[in-house]
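# Fold and contact review
Chain by chain, the residues:
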Amino acid sequence: MSTTLQTGHRINLEKTAPGLKRVRIGLGWKVNAAAGHAFDLDSSVFLCRKDASDHPVMISNAHFVYYNHNTSPDGAVVHSGDNRTGDKDGDDEVITVDLSRVEAEVMEMPIVVTIHEAEARKQTFGSVTDAYVKVYNDDTGEVLAEYDLDEDYSDKTALQFGSLYRKDGEWRFQAVGAGFKLSLATFIRKLGGTVG
């Protein structure tokens, strides 16, 4: 049975689905057709350790998974690729995670969606509606948790939809819904990565 989350809510995925081995994270959205330039929304996931202040820090640049680098070094996290339109039925972009293969150092995986060339095209999430994230049991197809991002993000160019994280040896998911006025490159730097 699926749990509907509100901003900030958390769910213990392994208690919800005992024996859980793989999760599929489905992301979706619609773009206002009158928004002008074509929108290209890109999802990314960052494999992070925790610093002394309990903040997530990317382990290395290779631990940034997105459409152009679609598999993590341990092979556990796989990105489905770039959907440039957001107009298909079902999830627009998908990230699968084999929980048993995730490196022990990885404690949190922020899931972020950014707008490609947002500043140059003067685009924000104000033109994006019906954004959501769903967490599935990849083996059964069951939706374990879903979260609709229905706040006003009209001046934001990046959104953290949620975080998959490990606590007390168990995998959990938090609905985050945090908006930022950042490019993808700035977000990478914010999490301790480097951009060439």
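We now turn to the structure provided with this report. Remember, predicted model here, so these are calculated numbers, not experimental data. (Residues numbered from 1 in each chain as written. Predicted model: local features only at pLDDT ≥ 70, side-chain atom pairs only at ≥ 80, totals over all residues. Heavy atoms only, no water.)

## Observations regarding the overall build of the protein
Tallying secondary structure elements over the protein gives three helices and 14 strands in all. In summary, the protein has a C-alpha radius of gyration of 16 Å against a globular reference of 16 Å for 196 residues, a match within 12%. Taken along its principal axes, the extent of the C-alpha atoms in the protein is 45 × 40 × 25 Å. Pairs at least 24 apart in sequence give 68% of the contacts found in the protein among residues at least 6 apart. On the protein, roughly 9300 Å² of surface is accessible, and the fraction owed to carbon and sulfur atoms is 46%. (Helix = DSSP H or I, 4+ residues; strand = E, 2+ residues; numbered from the N terminus. Rg over C-alpha atoms; globule rule 2.2 N^0.38 Å. Contact = heavy atoms within 4.5 Å. Areas by Shrake-Rupley, 256 points an atom, 1.4 Å probe, with all protein chains shown as cover.)

## Describing the sheet that holds strand β1 (residues 3-5)
On the basis of which strands lie adjacent, the open sheet formed by six strands has the order β1-β12-β11-β3-β9-β8 and mixed pairing. Every other strand in the sheet has two partners, leaving β1 and β8 (77-79) as the edge strands with one partner each. Within the sheet, the average angular offset between the axes of one strand and its neighbour, ignoring direction, is 15 degrees. In terms of strand pairing, strand β3 (residues 22-31) meets strand β9 (residues 93-98) through six bridges, oriented antiparallel. The partner of Val23 across the bridge, within β9, is Val97. (Pairing = 2+ DSSP bridges. Axes fitted to C-alpha atoms, helices over the stretch in contact; angles between N-to-C directions.)

## Things to note about the pattern of salt bridges
In total, this model carries 10 salt bridges according to the counting rule given. With a shortest N-O distance of 3.6 Å, Lys156 and Asp155 are connected by a salt bridge. Of the residues examined, Asp155 reaches a relative accessible area of 36% and is grouped as partly exposed. A network of salt bridges, in which partner residues are shared, links Lys15, Asp168, Glu170 and Arg172. (Salt bridge = Lys/Arg side-chain N within 4 Å of Asp/Glu carboxyl O. Buried < 20%, exposed > 50% of the residue type's maximum accessible area, 1.4 Å probe, protein only.)

## What to know about the packing of aromatic side chains
By the definition in use, this model includes five aromatic pairs. For the pair Phe64 and Tyr66, a centre-to-centre distance of 4.4 Å together with 10 degrees between the ring planes defines the contact as stacked. Comparing Phe64 with Tyr66 shows no difference in burial state: the two are buried. Of the residues examined, Tyr66 reaches a relative accessible area of 18% and is grouped as buried. (Phe/Tyr/Trp six-rings, centres within 6.5 Å; stacked < 30°, edge-to-face > 60°.)

## A short note on the pairing of strand β11 (residues 128-137)
Most of β11 is tucked away, with seven of its 10 residues classed as buried. With eight bridges connecting them, β3 and β11 associate as antiparallel partners. Counted as the bridge partner of Val23 is Asn137 from β11. Relative to strand β12 (residues 143-149), β11 runs antiparallel, the two being bridged by six bridges. Bridge pairing links Val133 to Tyr147 in β12.

## Here we look at unusual backbone geometry
Unusually for a residue other than glycine, Lys122 sits at a positive phi of about 55 degrees. With respect to the secondary-structure elements, Lys122 resides in the loop between α2 (118-121) and β11. A relative accessible area of 74% places Lys122 in the exposed class. Positioned with a positive phi, Asp130 is a non-glycine residue whose angle comes to about 55 degrees. Structurally, Asp130 is set in strand β11.

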